[in-house]
Every structure is written in structure tokens, then in C-alpha cells.
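Residue-level listing of the chains:
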Amino acid sequence: MAADSTVLLSLVEEFVSGLHDSKAKDAATCVKDGQFTILELVEALGLSLTSTQPHTRARAVQLLSEVLHKCYGGLTEREVEVLIAFYENRLKDHYVITPPVLQGLTALTKCTVLPPGSAVSMLRSLFQDVHVQSLMLGERACVYNMLINLMATREAELKGLGADFVFGFVQSMDGERDPRNLLLAFQIARTIVLRGYDLGKFTEELFEVTSCYFPIDFSPPPNDPHGITREELIQMLRDVLTGTPRFAEFLLPLIIEKLDSDVLSAKLDSLQTLIAGVSKYEHKDVAEFLEGLWASLRREVFQTASEKIEAAGLAALTALTSCLSRSVLNSDSEDSLGTFLQLVLTDCKHHLCEPDLKLVWPSAKLLQAACSASNRASHMVADAVMPALIEQYNGRAQCSQRRTLLEVVQQFAQSVKTCENEESVFSAFRPSLCGMVFSALTETNASLQITATSVLASLAQQSGLLWDSDIELAVDHLTRLLLTEEDERVSLAVVECAGALAESHSAPFITNLIPRLKEELFSEPTDQNDNREASEKHSHHAVRQRCLSALAAVSTQAGVVQESTPVLLEVLGSAHTGGVAFSVEEVVAACGSLRRIAERVQDTEETGRCFHDVVIPRLLSLALQAALQGEGPTGRRSPLLEEVVLAAMVPVIGTSCSRLQPTLAGQTAARAVSLFLDGDVSFLPDNSFPSNLQLLKKQQGGSWSQSQMVCLLSGCVCSLPRTVEVPRLDELMTELEEMSCACSHPPSYTAAAKCFAGLANKRLPGESLDGLIQRTTKRVCSELDSASSPARTQAFTLMIWVAKALLLRYHPLYATLTDKLFSLLDDADLGPAAADAFWLLMSDSADILNRGCHADVRIMYRQRFFSENSAKLVRGFDAAPREKKPNYLKALSNIVNKLPKQVQLTELPALLSLLLEALSCPDHGVQLSTLSCLEPVLVEPPPALIQQLEALVGRLLGLTSSGVMSVRIASLRCIHCISCFPAHEVLPFRARVLRALSRPLDDHKRLVRREAVRARAEWFLLGSPGGS
């Protein structure tokens, strides 16, 4: 023990003398290790604590406090009691001792064994003996942290102090200016108001000491190490000011005053604080301030120059109306909501009768904001406003005025609140509103018709508002417009409206619309004379397109889908048989409608069955019939043989399969595999097919009509969830590989390669997959290494798609294929195609190998590919002969173009010389790809780019006279971006650029001239007052 005592005295002596501040850490370690207790440390400090020198006493207390900060968790209650008494006594000592005393008390407030009453004792001593705002920043922070700690652990004791605690805090905080301490002080004040501390007679004092900072105008310095933000301070102060209704009588006048400010941020903060406050107030808290608040809100909406302020003002009106709506009415109470809404209606309603004046929309917005607050407010506003709007509409003849009034009605329809199981707010006005809408639909003005469709859709959203007869009449009007209106804008609006109505009122669409559209689809254009025949056919084609779009739009419910999909399938069937003449474009549109239905329909077992049992088998059957017919002697060629039609069928099948339930998905996969491997057509409708079908085998006579159906197999098996097992997978992939390499028909071998890749991407990892990939790689490389091989292009296509499939899932064997791709950049025949292939590798594929198809796509695969291969590309460029360098440049451009912008900015310095070289490449594809890569980077140029400004400007100016319009436009956009560089960097180029831009100003293409004008205007103003 003597040795421990000697060590302790030595530590104390060295620290107190100021020789070694690190001895505090050593002392704390000794206390933790049990070499001596904290009270023994106090005893050892005895001579220093009783020294006549304040500095010595301060150093002694500092040592004790620093040890406590590291050891407070191991103290006993008796030790804490002694230390608190000691520190309370030291608060009366010399002022230089106060900082370490506060540090020690802060450590003690973290103890879990604080004796009962000690929290009150500490705070009484603190509030009595310390003037907080005379302390330094760190010591004030200690005081606030003490309060925070005690409020978290000794709330009941502090509440026992009553209003004295609030008074002590107010005195401590009054005058605080540092934002770091303000955050702490606001935290304490928020806890006081939210946790129900007794404010007593100091309510106004607490509000005043916090509200003097409202609104916050703090702007953090650059590179602020503390990370204090203006938003944090605003939110914390807002929580304080709006935390209790007792502040309402002080806060609301303050907000009204601050809304008179010319500072937009102050207005916005005030409005947002008002929203937060009234959400917690009762009507009696705001009653006496309603007129002032309304006057301020009305002014902000009527006269605002900021959309943010207007939106906040409207939101505040909604919140205020909602607050008043929560009042409970009785026989002798005043209806605060009615009184307030009368103010709003008095100032706004008359403006709605002036649809030509600019105040109609601010007034409408204010009324709609009030209307959206509650069901009671909706009824009051609607009862007052709707009769006037209906009367105005019926009394106006000009279409522009009628359209404005309809738009106002639409906004009200979207704003009103209707309680569940209650009739709509608009029920009393239903006949008049329907009359307005239907009369507008019969007008010839396109804008009025479009607005009427939007109003009709909004009214349909009101539960129970429209009667069945109204919906039927609406469907009749929409059908008429679909079939007769040639304005594309009206047609789009009608289709959108029909889709909205069909979601909640599907029966009239099943019984009326779909049969009428079917009739129109299968009608032939009437015979006309030769002069009108072409225009008549064009018009009939447009009607068919609208009908097909409408069928897709209304098909969101299972019942509608079961009626609409047979019509679309019948279109395909008639196009195939020739029963009714449909163009290829119309067949593609029918497939597009089926795809949109598959995307939008509700995901139920009923709709899944529809696609599994009807749509997919019918599509496969029609495609197979067309393929077999294509081999016969008939002179007519089915549209379903066209590549574009098959390509349109794939996403229908793919989208359908991706959304099927697991059981149905597995059955679909089994059916498709048996069809393509075995020729099993038992599940297909109209089953009159030969029994010896071999769709994946090479056909006699070089026919490709059956082989190109492999794209439909891809839709069936490559869009399934990864949990669905594809049967006979090894056999299927072997056949696909053979077809990819042996078939000579480009769409067929490309589709086979994509299907193979899609299956490889989802296949479970293991030896089976690795062996398959290695075998395929060996075959592909063998074909590619033979310059005379007739299957080089096929092997190259398979290699690209397999490489993409493996790259997406980070399979290690992808590197073998991409290395082979790099080597092909020097190939005389495949070099340009290899450069283009990097675009395919880095971009998203629309029909396969994407997340919508449940492909295995890992995050940041592009960045990984770039980081692993950029050096290879640079080395290959340096070693390549001159005539092969464009391939490397195009490959680089294709890779960089698809990287995220932040990665581009990081990697650009190392690749800048190559990108500048790419701008000089004669290949227009390389130029365009590089320009599209550079343009986003030029918005925030890295220093390396500015250093190469001379070379960059020269190359860009040269491209403004390119023979390709897209290159000229892209180069002008880049030159425009350079004008925003630091002025001292680009001013030396100003005269040169202006001279060079005179030529594109006379370009024969309008789009080029437009970009030239924009660029030249910025460069012309460069360096002038107000310019860049």
C-alpha cells in the first residue's frame, strides 16, 4: 500500500505542477484497476485543494474531474454523495476553479447511483452560484449537458422543483449565441415543454428566451468541423415553440409579425412553424388570431412571387382549418370553423365569378386548401361555392371561360374530404356537374374536351357519387370521342379517362365499350373513290390504334381483362388468317396493348390463369401456325412472320410469366420446354399441328420461319422468378448453344444466344454451370480463332450475351470472355462490332437480363468492370496499329458513357488524353459517344479537364462543322457548357469561339441553329457585367 500511496502522490504532484497532463489518464487507469479509490485520490489532493493559490486548486480539481470522466461508472453511492458535496462547495470558490468543477459535475450526472435529492441539490447550487452566460463556450456546454443528463434520469426530482427549474434554465440560457450550445439549449427546452414540466408563471419567459432566435438565420461556415446545420436549428427551435398550446398566445402574433418580412426564408419558416403549431392546438387557442392569420395567409397566396411560399401558405390554411374542424359544437358555443370559413369565402368566392381575371386561381387554391382540411369544411365550402360555379358555367359561352371553370371544379373534386360510408360532398350537385361535363364533351373545342375528361375522372373517384346511368352515359360519350375525334391530345385524354373510370366502374365497359371497340376494329373502311381512299385508310388506321390503346387502358380489373384479351387475340388471329386486313403496325399495337395489360392488371390468381391458360398458349399457337404456313406454297405471307411482330410478342409473354404465381410459372416453363424440345402441342388451342415439330433444329431448305420462334421461348423461360425451376435445363441449353452457332438467320441465332444467356444468368452456381460455360467458351473461341469459319458472327453474338449474363452476376468466368472481346478489337472483320459490343455489355437490356425479368443483377457491376479492364484498354490502344485505334476509342467511349457521373469525374483525368483522341477519330459513332460522355462532366469540370482546355476547345470547334447533325448538336452543347468554366480560364478563347460559331448559326438544320444561338449568346456575354 505504501508503494501505491507513493505512486498516487507522484501522479498528483506531476499533474498539479503542470508538468504532465497525461498523468490524469494514468490516474484514471489506476482507479479502474483498483490500485486506489476515488476518495483516496481526493485525500491525496488535500494539500493542493487547500492551497492558497487558485491556480493550484484549479489544477487539483481538474485532475479529479478528468479521472471522474473516465471512471464515473464504477462509483458507489457513498462516493458520489461525497463528491457532489465537495463540488457544490467548490462552486463558491474562485472563478478559475469553476470550469473543472462543472466538468466534474457533468461526469457525476452520468452516474446511475446518484443519491436521492442530489439532482435537486446540484441544480440549486448551480443556479445560485454560477452565472452561466459569463462562462466560456465549453463550460456553458457542460451546464447544458448536466441538465440533459439529469432530465433523462431524474425527471421526477426535477419536476419537484416546480417552476424554479424553468426559471433557472431561462437564466442559464438567456443570451446564448453559439449554435452548438443553442442545439443543446433547444433540446432542454423541448424536453421541458413536451414532458410536462411545470412552467408556472414563467411560461412567457421561457417562450421569450427561445423565440428571440426565431426565425433562424444561421449559415454554417465552409468546412464546418462541427456539422451544425441551419435545418437542425430550425427544427429544434420549431419543436420548442410548437410543443405546447400554452405558447399559442405568444407564438401566433409572432408568426403574423414575421410574415410581414421581406426575407423569403423567414416567411417559409414562419408558415411551416404555423403548420406544426396548429396541428397541436385547439380552436380556442387560435380563435382570437383568426383574422390576422387569414389576412397574412391570403396575402402570401395572392401576392407571392415564390411557389414554395404559396405551397406553404396553402398548407398552413389547411392545417388551420383542420384545427378549427376539431372543435366540438354545442348549443351555446360559437362555431369557430364557420366563422373562419366565412372570412375565406367573403374574400375569395366573388373572384370565382371572374374566370378571365388572374385572381380566380389564387382564390380557388385557397378555397380548395380549406376544403381539403375536413369533411365538415368540405361541405361548407362546397355548399357555398358549387352553385356559383355551376351558374357561371351555364351562363358563359366562351370556351376558355368554361374551361377555367371546369378546371376549378376538378381541383375541388380532388380536394374534398369524404368520410367512409358517407355520401359524397358533391351528391347534391351531381345532376348539374354531370350536365356540365357531358355538355363539354360534346363541344368541338379540344381543350374543353380534355378538361372535361379530367373532371369526369375526378368525379368518378368520389365513392358513390356517379350513378350507373351516369357512368353508362359517360362511356357512350368516351366511345364516341374515341371513334370520331381525330385530335391526338383529345384521344389520349379520353383513353386516360376511360382507364380511370374502369378501375371503379367496370361493368359498363364490359357491356358497352369493349363490344363497340371490337366492332370498329373488325370493320373494313368503306369503299371510296380513288381521291379519298388513302385518307380514309389512314383515318381508319388511327381509329384502330385508339381502340387498341383504349382496350389496354380499361383492362385493370380481372373481369375486364377476360373480355378485352380475347378481342386483342382475335385481332392477331384475323391478321394471320386474313379474315380482316390488319397492317403490321396494327398487329404490333395489339401486342403492345396485351403487354400493357400484363403490366398493369391486378396481380390475382384469376388474371394469372387468364394469361396462363389463354393468352400465352394462343400467342404460341398463332406464331406456330404462321411459321408452318410460311413454309407452304400459299402466296400470302402472314404478318406474324415479321420480325417486328415476334419482337412485340416477346414482352407480352415475358411480362406475363414474370408475374405468374409460382405454380403457374412452373407449368408454363414445362409447357414451353416440351414444345420446343419435343414438339408437344397438346396445350395449344386449334391443335392441328404436325407431330414431328423440331423448332430448335435446323430446318430443311434453309427456312427460318420456325427457328425464329425461339424468341418466344426466351419470353417463356427467361422471365420467370429465379425460384422457378426450368425442366430439362441442360438439354435445353445444349440445343440453344447449337442453334446459336449453327443457324444462319440473324434474328434466330441472336434470340437463341439471348435465351441461353438468360438461363445461364439465373442458373444455380456450381460445377454444372462452370462446366457448361467452359464448354461454350471453348467452342466460341474455336470458331472465332478460325478466320475462315462461317459461324464467326454467330459465335461472336453468343459470346457477347454470355459475357453480359456472367458479368451481371459477378461470375468469375466472365473475364475469359471479355478478354477475348478485347483481343477482337484488333480483328479485321469483327473489330468494329467488338467495339460496339461494349455498349451492350454496359447498358440495360429491355427484353432480357434485367431486374424486371428477375435476372441476377449485382450492384455496381459497371464500376467493377471498368476498374478491372480500363488498364487493359489503355494498353491495347497504345499497342494497336493506327488503323485499329478507333476501335479502342469507341470501346472506351462506350464504357465510360455508361458509368455514373461521380465515377466519370474520378476516372476522367487518367483517360482524358484518350477521350480527346476519340474526338479526332473519323468515326462519327466514336465522336458522338465521346461527346455524350463529356457533356455531363463539363457541368462540373475536374481540374485535369481545365488544364487540357486548349486541346478540348479546338477539337469541339472542329466538330461543329461535322457532316452528321447529331455530332454538330452535341459539340455545340459541350461548347455551351465550357462557357460556364471559371471566367479567367475561358476568356482567352472567347474571340476564337465566337468566330467559329458564326458558321453553325447559318446551318441548314433548325436544331443546330438553335444550339448555336444558345452557345454563342453565353460566350458573347462572357466577362461582361451580369454575364457568366
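Note that this is a predicted model, so its numbers are computed, not measured.

**Re the overall build of the protein chain**
For the protein chain, the helix and strand inventory stands at 51 helices and zero strands. The C-alpha radius of gyration computed for the protein chain amounts to 39 Å, which surpasses the reference 31 Å derived for 1028 residues by more than 25%, pointing to a less compact arrangement than a globule. Along the three orthogonal principal directions, the C-alpha set of the protein chain runs to about 120 × 80 × 70 Å. Counting only residues that meet the buried cut, the protein chain has 54% of its 1028 residues in that class. When the 95 basic and 120 acidic side-chain charges of the protein chain are each reduced to a single mean position, those positions are 5 Å apart.

**Examining the packing of aromatic side chains**
By the definition in use, this model includes 13 aromatic pairs. Pairing Phe127 with Phe165 gives two aromatic rings, centres 6.5 Å apart and planes at 50°, and the pair type is tilted. Taken as a pair, Phe127 in helix α8 (residues 118-129) and Phe165 in helix α11 (residues 163-173) lie far apart in primary sequence, 38 residues in all. Aromatic pair Phe207 and Phe250: ring centres 5.6 Å apart, planes at 35°, arrangement tilted. Of the two residues, Phe207 is situated in helix α13 (residues 203-211) and Phe250 in helix α15 (residues 248-258); the sequence distance between them amounts to 43 residues. For the residue pair Phe207 and Phe250, the accessibility class agrees, reading buried in each case. Taken together, the ring pairs connect Tyr814, Phe822, Phe838 and Phe865 into an aromatic cluster. Its guanidinium or amino end placed over the ring of Trp467, Arg430 lies 3.6 Å from that ring's centre, counting from NZ or CZ. The lysine or arginine in question, Arg990, covers the ring of Phe1020, its NZ or CZ lying 5.6 Å from the ring centre.

**Focus on the packing of helix α34 (residues 662-678) against helix α35 (residues 710-717)**
Where α34 meets α35, the closest approach of the two axes is 9 Å, and the angle between their N-to-C directions is 155°. In terms of orientation, α34 lies roughly antiparallel with respect to α35. The hand of the α34/α35 crossing is left-handed. Contacts between α34 and α35 involve Ala672, Val673 and Phe676 from the former and Val710, Leu713, Cys716 and Val717 from the latter.

**Some details on empty space enclosed by the protein**
Unfilled space is identified by rolling a water-sized probe across the atoms. Tallied over the full model, the rule gives three cavities of 30 Å³ or more. In this structure, the largest cavity is lined by Ala598, Val601, Gln602, Asp603, Thr607, Gly608, Phe611, Thr655, Ser656, Arg659 and Leu660. Counting only elements with at least two residues in the lining of the largest cavity, the list comes to α32 (605-629) and α33 (643-658). Class assignment of the residues belonging to the lining of the largest cavity gives a composition of four nonpolar, five polar and two charged. Each pocket or cavity is described by its volume, and for the second largest cavity that value is around 40 Å³. Around the second largest cavity sit His612, Ile616, Pro617, Leu620, Thr668, Arg671, Ala672 and Phe683, which together line it. Counting residues per element, the ones that place at least two in the lining of the second largest cavity are α32 and α34. When residues in the lining of the second largest cavity are grouped by element, the largest group, four residues, is from α32. Looking at the lining of the second largest cavity, its residues break down into five nonpolar, two polar and one charged.

**A closer look at helix α16 (residues 264-278)**
Compared with an ideal rise of 1.5 Å per residue, which puts 15 residues at 21 Å, α16 spans 21 Å between its outermost C-alpha atoms and is within 8% of the ideal. Tucked into the core, α16 has its buried residues touching α14 (230-241), α15, α17 (283-286), α18 (290-303) and α19 (307-325).

**Looking at the side chain of Thr321**
Inspection of the secondary structure puts Thr321 in helix α19. Judged by relative accessible area, which is 0%, Thr321 ranks as buried. Polar side-chain contacts of Thr321 include one of 2.7 Å to the backbone oxygen of Leu317. With near-sequence residues (within four places) excluded, Thr321 lies in contact with Leu337, Phe340, Leu341, Ala370, Ala373 and Ala377.

**Looking at the environment of Leu161**
Looking at the element boundaries, Leu161 is found in the loop between α10 (155-160) and α11. In this structure the C-alpha to C-alpha distance between Leu161 and Pro747, which are 586 residues apart in sequence, comes to 85 Å. The residues touching Leu161, leaving out its near neighbours within four places in the chain, are Val120, Leu123 and Arg124.

**What to know about unusual backbone geometry**
Cis geometry marks the peptide bond from Phe214 to Pro215, where omega comes out at -5°. Relative to the helices and strands, Pro215 is located in the loop between α13 and α14. The residue Leu849 is not glycine, and still its phi comes out positive at about 55°. Relative accessible area serves as the criterion here: at 6%, Leu849 is assigned to the buried category. Positive phi, normally seen in glycine, also occurs at Met860, with a value near 60°.

**Overview of a negative patch on the surface**
On the surface, a cluster of negative charge is contributed by Glu204, Glu205, Glu208, Glu249 and Glu288. For the negative patch, the leading source of residues is α13, giving three residues.

**Regarding the pattern of salt bridges**
Scanning the model with the defined rule gives 48 salt bridges in all. Its salt-bridge partner being Arg90, residue Asp93 comes within 2.8 Å of it at the nearest N-O pair. Residue Asp1003 pairs with Arg968 through a salt bridge whose shortest N-O separation is 2.9 Å. Of this pair, Asp1003 sits in the loop between α50 (990-996) and α51 (1006-1021) while Arg968 is found in helix α48 (residues 965-978), placing the two residues 35 residues apart along the sequence. Neither Asp1003 nor Arg968 differs from the other in exposure class; each is buried. Several salt bridges converge on common partners, so that one network encompasses Asp260, Lys267, Arg299 and Glu300.

**Quick word on the environment of Gly559**
With respect to the helices, strands and loops of the structure, Gly559 is situated in helix α30 (residues 558-577). By relative accessible area, Gly559 is classed as partly exposed at 31%. C-alpha of Gly559 to C-alpha of Ala507: the two residues are 52 residues apart in sequence and 8.4 Å apart in space.

**Let's talk about helix α26 (residues 468-484)**
For α26, with 17 residues, the first-to-last C-alpha span of 24 Å sits near the 24 Å given by 1.5 Å per residue. Every buried residue of α26 is listed here: Asp470, Ile471, Ala474, Val475, His477, Leu478, Thr479, Leu481, Leu482 and Leu483.

**Examining the packing of helix α25 (residues 446-461) against helix α27 (residues 488-504)**
It is at 9 Å that the axes of α25 and α27 come closest, and there the two elements cross at 10°. Between α25 and α27, the crossing angle belongs to the class labelled roughly parallel. Together, Ala446, Ser447, Gln449, Ile450, Thr453, Leu456, Ala457, Ala460 and Gln461 of α25 and Arg489, Val490, Ala493, Val494, Cys497, Ala500, Leu501 and Ser504 of α27 make up the contact between the two elements. Tallied by class, the residues present in the contact of α25 with α27 amount to eleven nonpolar, five polar and one charged.

**With respect to the environment of Thr442**
Note on placement: Thr442 falls in the loop between α24 (430-441) and α25. According to the relative accessible area criterion, Thr442 is partly exposed, its value standing at 47%. In the structure, Thr442 is positioned 39 residues away from Leu481 in sequence and 8.8 Å away in space, judged by C-alpha atoms. Excluding residues within four positions of it along the chain, Thr442 makes contact with His477 and Arg480. Separated by 2.6 Å, the side chain of Thr442 and the backbone oxygen of Ser439 make a polar contact.

**Side note on the side chain of Ser740**
As for its position among the elements, Ser740 is in helix α36 (residues 729-742). Accessibility expressed as a relative area gives 0% for Ser740, which makes it buried. Here the side chain of Ser740 touches Ala753 through a polar contact of 3.2 Å, landing on its backbone nitrogen. Setting aside residues up to four positions removed in sequence, Ser740 forms contacts with Tyr749, Ala752, Ala753, Gln794 and Leu798.

Thresholds applied
Residues numbered from 1 in each chain as written. Predicted model: local features only at pLDDT ≥ 70, side-chain atom pairs only at ≥ 80, totals over all residues. Heavy atoms only, no water. Helix = DSSP H or I, 4+ residues; strand = E, 2+ residues; numbered from the N terminus. Rg over C-alpha atoms; globule rule 2.2 N^0.38 Å. Buried < 20%, exposed > 50% of the residue type's maximum accessible area, 1.4 Å probe, protein only. Lys, Arg positive; Asp, Glu negative; His and termini not counted. Charge placed at Lys NZ, Arg CZ, Asp CG, Glu CD. Phe/Tyr/Trp six-rings, centres within 6.5 Å; stacked < 30°, edge-to-face > 60°. Lys NZ or Arg CZ within 6 Å of the ring centre and 35° of its normal. Axes fitted to C-alpha atoms, helices over the stretch in contact; angles between N-to-C directions. Parallel < 35°, antiparallel > 145°, perpendicular 65-115°, else oblique. Left-handed = near helix turned anticlockwise from the far one by under 90°. Contact = heavy atoms within 4.5 Å. 1 Å grid on protein atoms, 1.4 Å probe; cavity = no way out; pocket = protein on both sides within 12 Å on 5 of 7 lines; lining within 4 Å. Points joined across faces, edges and corners; volume = space filled by probe spheres on them. Nonpolar A, V, L, I, M, F, W, Y, C, P; charged D, E, K, R; others polar. Expected span 1.5 Å × (residues − 1). Polar contact = N/O pair within 3.5 Å; in protein donor to acceptor, adjacent residues only side chain to side chain. Patch = residues over 30% accessible without salt bridge, like charges linked within 9 Å, V, L, I, M, F, W, Y side chains within 5 Å. Areas by Shrake-Rupley, 256 points an atom, 1.4 Å probe, with all protein chains shown as cover. Salt bridge = Lys/Arg side-chain N within 4 Å of Asp/Glu carboxyl O.

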